[in-house]
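# Reading the structure
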Amino acid sequence: MIDLAINNIDLNFHNETSTYASHAIHAFAAKFPPQLPRTFIKMLTNSGDVILDPMNGSGTTTLEAYLLNRFAIGCDIDPLAIKIAKAKVTRIDIKGSQLADEICEYAKNMIINKPFLLKEALEERFDEKTRDFINYWFFPETQMELMSLILSIERFEKGTPLRELLEVIFSSIIITKSGGVTRARDLAHSRPHLDKNKVPQNAINIYQKRLIKFAAVVSELPDYEPRPQIIACNAKNLDLPSESIDLVFTSPPYANAIDYMRAHKFSLVWLGIPISILSNLRKTYIGSESTSNSNLYIFPKFTENILQKLSTIDSRKEVILRKYYSEMKDVIKEIFRVLKPGHYAILVVGSSTMRGVDVKTPYCLADIAEKDIGFHVVDIKSRNLDRNRRMLPVQSGISNKSRIEQLMHTEEVIILKKPAIKY
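Residue positions are given per chain, counted from 1 along the sequence in the order it is written. Selection of residues for local features in this predicted model requires a pLDDT of at least 70, selection of side-chain atom pairs for listing and counting requires 80 or more, and totals for whole chains, interfaces and linings are taken over all residues. Side-chain figures throughout are based on the complete set of non-hydrogen atoms in the structure, without hydrogens or water.

## Thoughts on the overall build of the protein
Of regular secondary structure, the protein possesses 17 helices and nine strands. To get the radius of gyration, use the C-alpha atoms; to get the globule rule, take the number of residues to the power 0.38 and multiply by 2.2 Å. Here the C-alpha radius of gyration of the protein, 22 Å, is about what a compact globule of 423 residues would show, namely 22 Å. Each residue gets one of three labels from its accessible area relative to the maximum for its type: buried under 20%, exposed over 50%, partly exposed in between, using a 1.4 Å probe on protein chains only. Here the protein holds 423 residues, and 57% of them are scored as buried. In what follows, residue pairs with any heavy atoms lying within 4.5 Å of each other are defined as contacts. A separation threshold of at least 6 residues defines the contact pool for the protein, and within that pool the share at least 24 residues apart is 78%. Only DSSP runs of H or I reaching four residues or more are called helices, and only runs of E reaching two or more are called strands; each is numbered from the N terminus.

Structure (structure tokens):
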């Protein structure tokens, strides 16, 4: 009966708001609407059940699970995603106006009375490569504002929920859908492009407004136990017991991957991670074009046909796509392992085009899940994209309207079921 109900649900949600609770605390590319995981969590689980998102991103699934009084677990390897997800599910009772005044007055005082300390910090904190990056993308006055905020934030204990929240709000004034304090045109959607005519806003003023707003939001989050767990781990090797999860809901990266680090580094460098470390981390992301030390698989016939078609046009792209499907096979295998028998895994997947070939990502992943891993494919449901809310990126390419931009008006929701144990 559940499988029948799944087949009849509407997954578009175009007339519903997606900014309730703490969902809007930070911009994040390709974020699905919270109603999507909420629908399946309510349909397929009960209060107290364990919900996993192994590619958690900004934590939409984990927040929805927590709001519905489920035990939420989110895993990711992106350091900014981990910070955002933690902040979104952590209730903190704070007086936002008082705290914002304290932090911003300290920062303003530094600029007025101790500019030499700010300039010294800017010189000493960054290696040459990171320094060059900051000088290119941030005006000198903005650098002073951001450094004064960082020094003010660092007065709070590192690793605490409050410090994490303050750092996420800091990042949110840099990585924005529009405006922001960088010289980039738009960091929430796209590959950064220098906008020579842009006049960045005052970082301290923006920070003060956002901190007041979201301090109130996190103060109103529920106080359920157990608390959500946001874990830094690779989805290909989950540090979780077998058959311990009641529902998996996740959205894998696209086959021609959204380069999250391309935008995330704009705030992570200010939070103490050098450009060189971020560049190396970027190579480990699923969907990256780095193919060194890759374990490549042979796949079922449907998927192999797609790969062979691409290979005749561009053999290098075929290797990149095979690497993506190989990594996703490892992820799906881990999902199968940790999921309880008879329970569901939901994958929200957009297709991609490479060299003019629709690589049919949702159907290939379903093919791999069923024939290589052992899942039953209950359904593959198409949903229409509200592009303004899904925040799909503009990829680099030969035109302003990139191939992924032209293709993706829908995405597929793959509904998988792990067979029940047979006695």
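## A short note on the side chain of Lys418
Structurally, Lys418 can be placed in the segment after strand S9 (410–417). Within 3.5 Å is the distance limit for a polar contact, defined as a pair of N or O atoms, with the added protein rule that one can donate a hydrogen and the other accept it, and that residues adjacent in sequence qualify only through two side-chain atoms. In terms of polar contacts, Lys418 uses its side chain to reach the backbone carbonyl oxygen of Phe336, at 2.7 Å. When neighbours within four sequence positions are excluded, Lys418 is seen to be in contact with Glu243, Phe336, Arg337, Leu339, Lys340, Pro341, Gly342, His343 and Phe375.

## Section: the nonpolar core
Working definition of a nonpolar core: buried Ala, Val, Leu, Ile, Met, Phe, Trp, Tyr and Cys residues. They are joined through side-chain atoms within 4.5 Å. Counting 69 residues, the largest nonpolar core has Ile174, Tyr207 and Trp270 as its most contacted members. Filtering out sequence-adjacent residues up to four positions away, Ile174 remains in contact with Phe138, Leu146, Val181, Thr182, Leu187, Phe266, Ser267 and Trp270. Judged by nonpolar contacts, the second largest core, of 43 residues, contains Met328, Leu339, Val349 and Phe375.

## Some thoughts on the confidence of the model for the protein
One confidence number per residue, pLDDT, is output by the predictor and ranges from 0 to 100. For the protein, the mean per-residue pLDDT works out to 90, and 91% of the residues sit at or above 70. Per-residue pLDDT stays below 50 along residues 393–407; that stretch engages in 29 contacts with residues further than four places along the chain or on separate chains.

## Let's talk about the sheet that holds strand S5 (residues 339–349)
Paired strands, in this sense, are two strands between which DSSP finds at least two bridges. Pairing is mixed across the open sheet formed by seven strands, whose spatial order is S3-S2-S1-S4-S5-S9-S8. This sheet does not close on itself; its edge strands, each paired only once, are strand S3 (229–232) and strand S8 (376–384). Between one strand axis and the next, the sheet turns by 15° as a mean value, whatever way the strands run. Here strand S2 (residues 71–76) pairs with S3 via four bridges, running parallel. If you follow Gly74 over to S3, its bridge partner there is Ile230. Contacts between helix H4 (residues 79–88) and the sheet are confined to S2 and S3, with S3 contributing the most and set at about 170° to the helix. Only C-alpha atoms enter the line fits that serve as axes; for helices the fit covers just the stretch in contact. Angles between N-to-C directions range over 0 to 180 degrees.

## Considerations on the pairing of S2
Most of S2 sits inside the fold, with six of its six residues counted as buried. Of the two faces of S2, both are covered, the one formed by Phe71, Ile73 and Cys75 as well as the one formed by Ala72, Gly74 and Asp76.

## What about the environment of Val181?
Within the secondary structure, Val181 sits in the loop between helix H9 (161–172) and helix H10 (203–219). With residues near it in sequence (within four places) discarded, Val181 still touches Phe138, Thr142, Leu146, Ile173, Ile174, Pro200, Gln201, Ala203 and Ile206.

## A look at H4
Along H4, nine of the ten residues are buried, which leaves the element largely enclosed by surrounding structure. Every buried residue of H4 is listed here: Pro79, Leu80, Ala81, Ile82, Lys83, Ile84, Ala85, Ala87 and Lys88. Backbone nitrogen of Leu80 and a side-chain oxygen of the N-cap are separated by 2.9 Å at the start of H4; the cap is Asp78.

## Here we look at unusual backbone geometry
For the bond running from Glu225 to Pro226, omega is -5°, close enough to zero to count as cis. Backbone geometry places Ala30, a non-glycine residue, at a positive phi of 60°. By the element assignment, Ala30 lies in the loop between helix H1 (2–7) and helix H2 (35–44). By relative accessible area, which is 9% here, Ala30 ends up buried. Positive phi outside glycine occurs at Asn69, with the angle close to 65°. Locating Asn69 in the fold gives a position in the loop between helix H3 (60–67) and S2.

## Some details on the side chain of Glu164
Tracing the sequence through the fold places Glu164 in helix H9. Here Glu164 is in contact with Lys83 and Gly159, once residues within four sequence places are set aside.

## Brief notes about the pattern of salt bridges
In what follows, salt bridge is the name for a side-chain nitrogen of Lys or Arg lying within 4 Å of a carboxyl oxygen of Asp or Glu. Scanning the model with the defined rule gives 21 salt bridges in all. A salt bridge links Glu154 to Arg125, with the nearest nitrogen and oxygen atoms 2.7 Å apart. Taken together, the positions of Glu154 in the loop between helix H8 (140–153) and H9 and Arg125 in the loop between helix H6 (115–124) and helix H7 (128–137) put the pair 29 residues apart, joining distant regions of the chain. Here Lys329 ties to Asp372 by a salt bridge, and the two come within 3.6 Å at their closest N and O atoms. Pair noted here: Lys329 is in helix H14 (residues 315–338) and Asp372 is in helix H15 (residues 361–373), with a separation of 43 residues, a long-range link. Given a relative accessible area of 16%, Lys329 falls into the buried group. Residue classification places Asp372 among the partly exposed positions, given a relative accessible area of 31%. Each of Lys83, Arg163, Glu164 and Glu167 takes part in a single network of salt bridges with overlapping partners.

## Overview of the packing of H8 against H9
Axis separation between H8 and H9 bottoms out at 10 Å; the angle between their running directions is 170°. By the angle between their directions, the pair H8 and H9 is classed as roughly antiparallel. Within the contact between the two elements, H8 uses Leu146, Leu149, Ile150 and Ile153 and H9 uses Arg163, Leu166, Glu167 and Phe170. Just so you know the grouping, Ala, Val, Leu, Ile, Met, Phe, Trp, Tyr, Cys and Pro go in nonpolar, Asp, Glu, Lys and Arg go in charged, and all remaining residues, Gly too, go in polar. Residues of the contact of H8 with H9, tallied by class, amount to six nonpolar, no polar and two charged. If an angle is under 35 degrees, it is roughly parallel; if it is over 145, roughly antiparallel; if it lies from 65 to 115, roughly perpendicular; otherwise it is oblique.

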